[in-house]
Amino acid sequence: MQRIKKRSWAEPYKIKMVEPLRMLSRREREQAIREAGYNTFLLRSEDVYIDLLTDSGTSAMSDRQWAGLMLGDEAYAGSRNFYHLEETVRNVYGYKYLVPTHQGRAAEHLISKILIKPGDYIPGNMYFTTTKLHQELAGGKFVDVIIDEAHDPESEHPFKGNVDLDKLQALIDRVGADKIPYIAIATTVNMAGGQPISLENLRAVRELTAKYGIQIVHDMTRVAENAYMIQQNEPGYADKTVAEIVKEINSLTDHATMSAKKDALVNIGGFLATNDPDVFEQARNLVVVYEGLHTYGGLAGRDMEAMAIGIKESVMDEHQKARVGQVHYLGKMLLDAGIPVVKPIGTHGVFLDAKRFYPHLPQDKFPAQTLAAELYVDSGVRAMERGIVSAGRNPETGDHNYPKLELVRLTIPRRVYTQAHMDVVAESVIEVYEQAGKAKGLKMVFEPKYLRFFQARFEKL
Ligand code: P70
């Protein structure tokens, strides 16, 4: 066993089908990003060489998942694939009741509507864009209770997803437990750089919240990746499997929202899961208003089948070792080259620290947005802004939110790119870093009301 553990992170699969990529010239890329308003969300994917915009819905399915598509039972009601998915969610994740949704934010919509009353406060281990928006649309106010280290890109804390129990207690003392229906706990924390929460911390959160009757809603979008980090770094878990740790995490929570487009290795899908029969009943009712019947929730039968199979594959130790191993391979190359990145390296991507990349650019010149555009021009690598544009505006004052973290995310799809692709990405980031002094920043010329980062447009300064 020892000998195998020391081997490289090499993939536990081989490639059966390939998708050719197109490489534009630098001049063509300059034109493409200008036409896209310097927003990588607005590029055509055909114009992208290595697409690290997101790990969401971009992973490669296995031959078994593709075979599962052919077993789709496209009945309007009671599809057999729903029952397979329900059984899988019970067996692998341990939640009793399942309501499928077309993706994660639809589950966030349902649980926010069910649990939040206007004027409520929702603490969380850092915000996520869609999660926070649905909390606000339901009349709630998000309060960040993550540990301070999570906001410091240089802190090497191994569990930057942890909740600061003093911050949580202070919120309870300030507003009263009856104004806090639940705490939102994400595994791993996307906006912090893909950082895990420890089981020790989650257990302490469970204890504190139980005292006050506060529930836990688990954003389990990347729970298996979080479990892998616990196996690697939390004392006492080295001999537990990823599957066992996933179950232990889930057992400490009441409800879960899932974007199956990440961990669960599908191109579309999600769900709300709960152990509470009343919440289940309400969600089953609401889902027919917004998504579709409660046995498909906006998905085709074949999508649910692929998801059920993907969930089982996602908790295999060798899968996570290669998945996280590849992300860390890229991270180490950038660290070794002295590139400012969020430390420690997270599980779903490497996050460039745009504030240190462009120390001469103030945050309202959108350094991360600028960096993502420059990277695309240099090599056709598409990344995602995760800074001031993503943070939106304060709904009360109308000002930009100025997040401490101004990041560019190089997100790695699962089972898609090779080690050589990672080398090209590192070469390009290093090249752009060498030219950093020349960057002048951007100004925003179009700003949508909701989730502005998706469609905002910019011009060069
Ligand atoms: C990403 C994607 C989705 C996501 C997530 C966590 C921790 C919920 C969701 C929503 C897609 C995305 C979403 C908003 C802005 C940019 C990108 N994250 N919780 O790329 O799930 O997309 O299925 O509705 O990461 O990180 P869904």
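On a predicted model such as this, the values are computed, not experimentally measured, just so you know.

This paragraph deals with the pairing of strand β12 (residues 407–411). Each regular strand shows side chains that alternate between the opposite faces of the sheet. Of all 5 residues in β12, 5 are buried, a share of seventy percent or more. Every second residue of β12 is oriented toward a common face, with L407, R409 and T411 on one face and V408 and L410 on the other, all of them buried. Relative to β12, strand β9 (residues 349–353) is paired through 5 bridges, and the arrangement is antiparallel. Within β12, the position partnered with D353 by the bridge is L407. When strand β11 (residues 384–386) meets β12, the two strands line up antiparallel, connected through 3 bridges. Looking at the pairing, E385 lines up with V408 of β12.

Let us now look at the layout of surface pockets. If you add up the space inside the largest pocket, you get close to 1,600 Å³. What lines the largest pocket is a set of 37 residues, among which M17, A60, M61, R415 and V416 lie closest to the centre. Among the elements of the structure, α3 (63–69) and α13 (317–336) are those that each provide at least two residues to the lining of the largest pocket. The residue inventory of the lining of the largest pocket, partitioned by class, reads 16 nonpolar, 9 polar and 12 charged. Residues lining the lining of the largest pocket come from more than one domain, with at least three contributed by each of domain 1 (26–48 + 317–460) and domain 2 (63–314).

With antiparallel pairing, the 3 strands of this open sheet are ordered in space as β9-β12-β11. Across the chains shown, the open sheet's two edge strands, defined by having one partner strand only, are β9 and β11. Geometrically, the sheet is characterised by an average inter-axis angle of 30 degrees between neighbouring strands, direction not taken into account. With respect to the sheet, helix α15 (residues 367–379) is in contact with β9, β11 and β12, its orientation differing from that of β12 by roughly 40 degrees.

Let's shift gears to the pairing of strand β7 (residues 255–259). Of all 5 residues making up β7, 5 are buried, and the element is well covered by its neighbours. Of the two faces of β7, both are covered, the one formed by H255, T257 and S259 as well as the one formed by A256 and M258. As paired strands, strand β6 (residues 215–219) and β7 are joined by 3 bridges and run parallel to one another. Looking at the pairing, D219 lines up with T257 of β7. Inspection of the sheet shows β7 paired to strand β8 (residues 270–274) by 5 bridges, in the antiparallel sense. In the strand pairing of β8, T257 is matched with L272.

Another point: the domain arrangement of the chain. Partitioning the chain into domains gives domain 1 (26–48 + 317–460) and domain 2 (63–314). The centre of domain 1, based on its C-alpha atoms, is set 26 Å off from the matching centre of domain 2. In this assembly, 33 residues from domain 1 lie in contact with 42 residues from domain 2. Of the roughly 2,900 Å² buried between domain 1 and domain 2 on both sides combined, carbon and sulfur atoms contribute 56%.

In this section: the site of the ligand. Neighbouring the ligand are 21 residues; T54, R105, D219, S259 and K262 lie closest to it. A distance of 2.6 Å is found between an oxygen atom of the ligand and a side-chain nitrogen or oxygen belonging to T54. Burial of the ligand by the protein amounts to 97% of the accessible area it has alone, namely 560 Å². The set of elements that each furnish at least two residues to the shell around the ligand consists of α5 (104–115), α6 (129–137) and β11.

What counts and what doesn't
Residues numbered from 1 in each chain as written. Predicted model: local features only at pLDDT ≥ 70, side-chain atom pairs only at ≥ 80, totals over all residues. Heavy atoms only, no water. Buried < 20%, exposed > 50% of the residue type's maximum accessible area, 1.4 Å probe, protein only. Helix = DSSP H or I, 4+ residues; strand = E, 2+ residues; numbered from the N terminus. Pairing = 2+ DSSP bridges. 1 Å grid on protein atoms, 1.4 Å probe; cavity = no way out; pocket = protein on both sides within 12 Å on 5 of 7 lines; lining within 4 Å. Points joined across faces, edges and corners; volume = space filled by probe spheres on them. Nonpolar A, V, L, I, M, F, W, Y, C, P; charged D, E, K, R; others polar. Domains from an automatic or database assignment. Axes fitted to C-alpha atoms, helices over the stretch in contact; angles between N-to-C directions. Contact = heavy atoms within 4.5 Å. Buried area = accessible area lost by both parts, 1.4 Å probe. Near = heavy atom within 4 Å. Polar contact = N/O pair within 3.5 Å; in protein donor to acceptor, adjacent residues only side chain to side chain. Areas by Shrake-Rupley, 256 points an atom, 1.4 Å probe, with all protein chains shown as cover.

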